[in-house]
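Single-letter residue listing:
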Amino acid sequence: MDRTACIDIPALPLQLLLRRRPEWCGRPVAVVAQDKPQSPILWVNERARSASILPGMKYAAGLSLDPDLCAETVGQPEIDTAVLDIHRRLSRYSPVVEPSPDEPGIFWLDASGLGNLYDSLKTWATQLQRDLQAHGLRAVPVVGFSRFGTWAVARTRRRVTVLASNKQERMACNNVQLRRLPIPARVLQQLEHLAVSTIGDLVRLPATGVRDRYGDQVWQIYREARGEIRRPLRGQVLPVPARRRQYLDDAETNQERLLFLIKRLLHNIITELEAQQELVCRLHLVFVLEDGQRVQDTIQPAVPTWCRRTLLDLIRLRLASIPVRSGIVELTMTADSEPVSPRNRDLLERHKQRDQDAAQRAMARVRAEFGAEAVLQPRLRPGHLPEARVTWEPFSELNPPRAQVVQQPSLVRRVLARPQRLQQPPLCAPAAVDERHWPARLGSYLLSGGWWQQLVRREYQFVARSGGGIDWLYFDRVRRRWVRQGRVE
């Protein structure tokens, strides 16, 4: 009989955050969409729930309920990487693994016939669970007969569960509370008014009107719970990166000889990718030293390429800055690739006054020699204070300039990286002269707030210097001092 298993890793982004921040264990923790006071909370742990902090609240509201609340963001790239890593681990236990496209942390496995390879299906599921626990993830495996039944039961269990028959799976599934499923709170309230609180209560409702009253999401759950939809497992094929490994008989310390070995590995990888019509996006280098230490680094060209010379030049620059304390006995090179696109094929691009490709290559060389954090770009973001409205992030692609025609050029405020404290108040300050002697004052405005961190009250002014130019100053009412925020050009 066909057997299906569902692996539920509850609140995967929250578990990734706790794995990244082990010192937060035992404290209220939340995953937020952005690191801002008004950002919504996405996931919380049990300690935060006990303080009435729930998903959907604002971060500032959560802090008001418990000032000890710890919160950070978990980006989608980090989640995708974790899902791919878990997929690889689960592939050791089943040939068919299907991750959920909607819920990160849900995986279905084909468990048919695995009871012949292990003492029992429970032994198989327990070993799988222990493997994920060793990886720092809490998982709940449920072995049953249908993907919906195992998924629903897994949301209510904390231990390994093996359902012996279809009847047992239906009974366990019908007892699952609807609040455990991804159903909007508004719909749950409407169903509670009808005394519908479990899946068994839901499937007893007449089909007429369920979709119109409660939406497509509840309609989908309703049909799957009644067995009207039975989707087969569709295992996803894991991408196999191009990888080459070289073992050395003697520990190598000479960079020129090491570069010659890397050149041979690089040639084999690019030859393989050329046959697959894929370009090199990144190269991952891992060196195993004679003392057992592992040194790894990443090389990223300006654009995906097949050019061996460009990649080898970047590797040479990076090797010069990698600290190697002893000889290298093992070398592994792995390439991330992407398919060739029409943009990559267009080699006859019209001539431009600025060579964009040359600029990209120059920045790639800087990243290769000094690290990825050496090339950054400013990005505007919402912020209360002027210095908080700009953030620096890694620079990946140089966009061509776009000229705009303006009728009248506007003034630009230049914000200093570090505001300068003035030893003496400006001549036009109210503390220095009378208000009728303010000919240099061009305008002022008040900025206050910041209650979620510390009290801020600033009185900003634009002051014309006698030698020319305009200063952008503010008087800090809390600390009683004048500060130069920047200048106006």
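Residues numbered from 1 in each chain as written. Predicted model: local features only at pLDDT ≥ 70, side-chain atom pairs only at ≥ 80, totals over all residues. Heavy atoms only, no water.

Visitor: Hey, could you run me through the environment of I7 in this one?
Guide: Relative to the helices and strands, I7 is located in strand 1 (residues 4-8). C-alpha of I7 to C-alpha of A125: the two residues are 118 residues apart in sequence and 9.2 Å apart in space. Among residues more than four places away in sequence, those in contact with I7 are G105, I106, F107, L109, L128, L132, A139, V140 and P141. (Helix = DSSP H or I, 4+ residues; strand = E, 2+ residues; numbered from the N terminus. Contact = heavy atoms within 4.5 Å.)

Visitor: Where do I start with the packing of helix 1 (residues 12-20) against helix 4 (residues 76-90) in this structure?
Guide: Relative placement of two packed helices is described by the angle separating their axes and the distance separating the axes. At a closest axis distance of 11 Å, the pairing of helix 1 and helix 4 adopts a crossing angle of 95°. Taken as axis vectors, helix 1 and helix 4 run roughly perpendicular relative to one another. Here L12, P13, L16 and R20 of helix 1 lie close against helix 4, whose contacting residues are E78, I79, A82, V83 and I86. Grouping the amino acids of the contact of helix 1 with helix 4 by side-chain chemistry returns seven nonpolar, no polar and two charged. (Axes fitted to C-alpha atoms, helices over the stretch in contact; angles between N-to-C directions. Parallel < 35°, antiparallel > 145°, perpendicular 65-115°, else oblique. Nonpolar A, V, L, I, M, F, W, Y, C, P; charged D, E, K, R; others polar.)

Visitor: Sorry, what's going on with the packing of aromatic side chains here?
Guide: Aromatic ring pairs are defined here through the distance separating the ring centres and the angle between the ring planes. Taken as a whole and judged by the stated rule, the model has six aromatic pairs. Above the plane of the ring of W472 lies R413, whose end atom (NZ or CZ) is 4.6 Å from the centre. Over the ring of Y474 we find R458, and its NZ or CZ is 4.4 Å from the ring centre. (Phe/Tyr/Trp six-rings, centres within 6.5 Å; stacked < 30°, edge-to-face > 60°. Lys NZ or Arg CZ within 6 Å of the ring centre and 35° of its normal.)

Visitor: Please clarify how the sheet that holds strand 1 should be interpreted in this entry.
Guide: Through backbone hydrogen bonds, the strands of a sheet pair up, either in parallel or in antiparallel fashion. Taken together, the five strands give an open sheet; going across it, the order is 5-6-1-7-8, and neighbouring strands pair in mixed fashion. For this open sheet the edge positions go to strand 5 (97-99) and strand 8 (161-162), each flanked by a neighbour on one side alone. Relative to strand 6 (residues 106-110), strand 1 runs antiparallel, the two being bridged by five bridges. Paired with C6 across the two strands is W108, which belongs to strand 6. (Pairing = 2+ DSSP bridges.)

Visitor: Can you walk me through a nonpolar patch on the surface in this structure?
Guide: Residues L376, L380, V390 and W392 make up a contiguous nonpolar surface patch of roughly 430 Å² in combined accessible area. Contributing elements (two or more residues each) for the nonpolar patch: strand 13 (376-380) and strand 14 (390-394). Look at W392 and you get exposed, because its relative accessible area is 55%. (Patch = residues over 30% accessible without salt bridge, like charges linked within 9 Å, V, L, I, M, F, W, Y side chains within 5 Å. Areas by Shrake-Rupley, 256 points an atom, 1.4 Å probe, with all protein chains shown as cover. Salt bridge = Lys/Arg side-chain N within 4 Å of Asp/Glu carboxyl O. Buried < 20%, exposed > 50% of the residue type's maximum accessible area, 1.4 Å probe, protein only.)

Visitor: Which parts of the structure should I look at to understand helix 8 (residues 185-193)?
Guide: Every α-helix winds through 3.6 residues per turn, so residues three or four apart in the chain are directed the same way. For helix 8, the full list of buried residues reads V187, L188 and L191. The buried residues of helix 8 occupy an angular sector of 100° when the element is viewed end-on, so they sit on one face. In helix 8, those exposed residues whose orientation departs by more than 90 degrees from the buried face are A185, R186, Q189, E192 and H193. In this fold, the buried residues of helix 8 make contact with helix 10 (210-225). Where helix 8 terminates, the next one or two residues include A195, which has phi positive at roughly 60°. (Arc of directions from axis to C-beta.)

Visitor: I'm lost on the sheet that holds strand 2 (residues 29-32) in this one. Help?
Guide: Ordered by their spatial adjacency, three strands build an open sheet running 3-2-4, and the pairing between neighbours is mixed. For this open sheet the edge positions go to strand 3 (41-44) and strand 4 (70-72), each flanked by a neighbour on one side alone. In this sheet, neighbouring strand axes are inclined to one another by 30° on average, regardless of whether the strands run parallel or antiparallel. Across three bridges, strand 2 lies against strand 4 in parallel orientation. Of the residues in strand 4, the one forming a bridge with A30 is A71. Against the sheet, helix 1 touches strand 2, strand 3 and strand 4, its axis set at about 115° to strand 2.

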